[in-house]
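# Secondary and tertiary structure notes
In case you want the letters, here they are:
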Amino acid sequence: MTAPLERGADTILALEDIHLSYGELHVLRGVSLTVRRGEVVVLIGPSGGGKSSLLRTVNVLQPITRGRILLEGEEISAGGVDEDTIRQRVGMVFQQYHLFPHLTVLKNLTLAPRRVFREPAAEAEVRARELLARVGLSEKAGHYPDQLSGGQQQRVAIARALMMKPSVMLFDEVTSALDPELVGEVLGVMKDLAKSGMTMLVVTHEMGFARDVGDKVVLMAEGVVVEEGPPSQVLVDPKSERTRQFLARTQHA
Amino acid sequence: MGETLLDDLPALLNGLGNSLLVSAIGITVSVVLGIALGAARNAGVPVLSQAIAVYVNVFRCTPLLVQIFMLYFALPEIGIRLSPFQTSWIALALWGAAYHTEIFRAGFKAVPPAEILAARALGMPARRTFLDVTLPLGLRATIPAATTMAIGQFRSSSFMVVVGYQELTYVANGLVSQTFRVFEIFGMAALMYFLTCTLIGAASRGFETWLRVPGTRTAR
Ligand SMILES: Nc1ncnc2c1ncn2[C@@H]1O[C@H](COP(=O)(O)OP(=O)(O)O)[C@@H](O)[C@H]1O
Ligand SMILES: [Mg+2]
């Protein structure tokens, strides 16, 4: 992505000084982060650093202890917001896909829009088939999740999230559970999505993806942002010793 | 009542019909109640959840026979008079619902939280998520246990002999006291119970197979 700023400077997501504790455990210790429209922000860092927790706070699955989260300028971290409405605007894809096992691929895609937006079945199915074609799974519409490979399931999960027409998509290590030969097909779908202008916040260990697709790379460790900047800087010539350590370790892995 | 078993068959079949009738009503009501109460327990609705726990405990920890006596002989003292028919299906329903509540609660609890989370993450409200994800997945998992309980309820319809409801055991007992052909008549009644239970079991397994999701290792 050559010139991220040309994609529009308006802020989709703004995290301001986010703190989160699970009981005694202070997991997020003042995280601030901005994601602009059409931007792909890649979140990297050691396991246990709070990346998953951060994504969950954005999808209001996890209430924060302190700070503010703004989605398209609207505060979503305050009490009294309609969490369901917010979640409809924030797509989320998990490491383990979590498709609905009792529904066909097509029904996995149409369930939420039909229930939430009361979208007519026929219309939802047309959109679902379009999205399945986009992720290369047109033939699998009538299959059940357990009849698909992990890579296929994960592509279905991405399409399912896209059915809600979210303003931003969150990806939490979506290729970590996959066999190595299946990683590429999922990253390919994400790359296409990025090209189409989708705003994305991506937690991943795939440094190649971070380098090629990311507009911004953020290194998080021990609940704080250690370093952030364009991939060419953070991944190649990091300022912080902590980042250098992390990158050295991932290269050995 | 006649000379041979063949002559007694219509009466026995009539008794079986009555047993099936109260069982069908009792089982249906108890399953519906069990799903509703199990869902409330699973959701941990305050106060209601505790009240349901007390109900379950009371009906699981007192004999069915005592419950029948309470309904039939004790309730009239506070002005509620139930016919033998009403007593029979209500007893089967209340007693069975206590067990079905626990069966369905466990079934809902066994649904992977991640799949529920996935529905919530899409913006589906809690109630919708229950109906579209937790309920269908939970129900599939509970079919064997709920069937065992339903069979138990059908067999226990024989307890209704004590309130004079004309079910199979009552009819058989009457025939025996008139003809003294104990072995034949009770044998035939036992066979009827056995065959009916076998049919319920087979129907349940057929239902399970029908619901089985292609590709899954188990019925989910
Ligand atoms: N629901 C939870 N309850 C308690 N502790 C949690 C919970 N979720 C995560 N944690 C803890 O918070 C820390 C950060 O976890 P996580 O956000 O998953 O980090 P990451 O995704 O970067 O590996 C870890 O120590 C983890 O054990
Ligand atoms: Mg994580």
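Residues numbered from 1 in each chain as written. Chains lettered and ligands numbered in written order. Predicted model: local features only at pLDDT ≥ 70, side-chain atom pairs only at ≥ 80, totals over all residues. Heavy atoms only, no water.

The name given to chain B in an unreviewed UniProt entry is Amino acid ABC transporter permease, and the organism recorded there is Antarcticirhabdus aurantiaca.

## Considerations on the overall build of chain B
Worth spelling out the cut-off: Each helix corresponds to a stretch of at least 4 residues labelled H or I by DSSP, and each strand to a stretch of at least 2 residues labelled E; elements are numbered beginning at the N terminus. Using a 1.4 Å probe on the protein chains alone, a residue whose accessible area is under 20% of its type maximum counts as buried, one over 50% counts as exposed, and one in between counts as partly exposed. We call two residues in contact when some of their heavy atoms are within 4.5 Å. Accessible areas in this description were obtained via Shrake-Rupley with a 1.4 Å probe; residue shielding takes into account the shown protein chains only.
Tallying secondary structure elements over chain B gives eight helices and zero strands in all. Order of helices (α) and strands (β) in chain B, N terminus to C terminus: α-α-α-α-α-α-α-α. For chain B, the spread of C-alpha atoms along the principal axes amounts to about 70 × 50 × 20 Å. Within chain B, buried positions represent 45% of all 220 residues. Of all intrachain contacts in chain B linking residues separated by at least 6 positions in sequence, the fraction that spans at least 24 positions is 77%. For chain B, the exposed area adds up to about 10,800 Å²; of that, 70% sits on carbon and sulfur atoms.

## Examining the site of ligand 1
All names here are of chain A. Quick reminder of the rule: The nearness test applies per residue and asks whether one of its heavy atoms lies within 4 Å of the molecule or strand. A 3.5 Å cut-off defines polar contacts: any pair of N or O atoms within that distance qualifies, except that in protein one atom must be a possible hydrogen donor and the other a possible acceptor, and neighbouring residues in sequence count only when both atoms are side-chain atoms. Put simply, Ala, Val, Leu, Ile, Met, Phe, Trp, Tyr, Cys and Pro go in the nonpolar bin, Asp, Glu, Lys and Arg in the charged bin, and everything else, Gly too, in the polar bin.
Taken together, the neighbourhood of ligand 1 is formed by Tyr-22, Leu-25, Val-27, Pro-46, Ser-47, Gly-48, Gly-49, Gly-50, Lys-51, Ser-52, Ser-53 and Arg-56. Note that an oxygen atom of ligand 1 is positioned 3.2 Å from one of the backbone N or O atoms of Gly-49. In this structure, Ser-53 approaches ligand 1 through a side-chain N or O atom, which is 2.5 Å from an oxygen atom. Of all the elements in the fold, those that place two or more residues in the shell around ligand 1 are strand 2 (25–36) and helix 1 (51–58). Take the shell around ligand 1: its biggest share by element is four residues, from helix 1. Considering only residue class, the shell around ligand 1 consists of four nonpolar, six polar and two charged.

## Here we look at the interface of chain A and chain B
Note the threshold: Salt-bridge detection follows one rule: a side-chain nitrogen of Lys or Arg within 4 Å of a carboxyl oxygen of Asp or Glu.
Each side of the interface is counted separately: chain A has 23 residues, and chain B has 23 residues. Put simply, chain A and chain B have two salt bridges between them. Residue B:Arg120 is joined to A:Asp84 by a salt bridge in which the shortest nitrogen-to-oxygen separation is 3.3 Å. Taken together, the links from chain A to chain B amount to four residue pairs in polar contact (both at pLDDT 80 or more). The set of elements that each furnish at least two residues to the side of chain A that touches chain B consists of helix 2 (83–89), strand 6 (90–93), helix 3 (105–116) and helix 5 (150–162) of chain A. When residues in the side of chain A that touches chain B are grouped by element, the largest group, four residues, is from helix 3 of chain A. Class assignment for the residues of the side of chain A that touches chain B results in 13 nonpolar, five polar and five charged.

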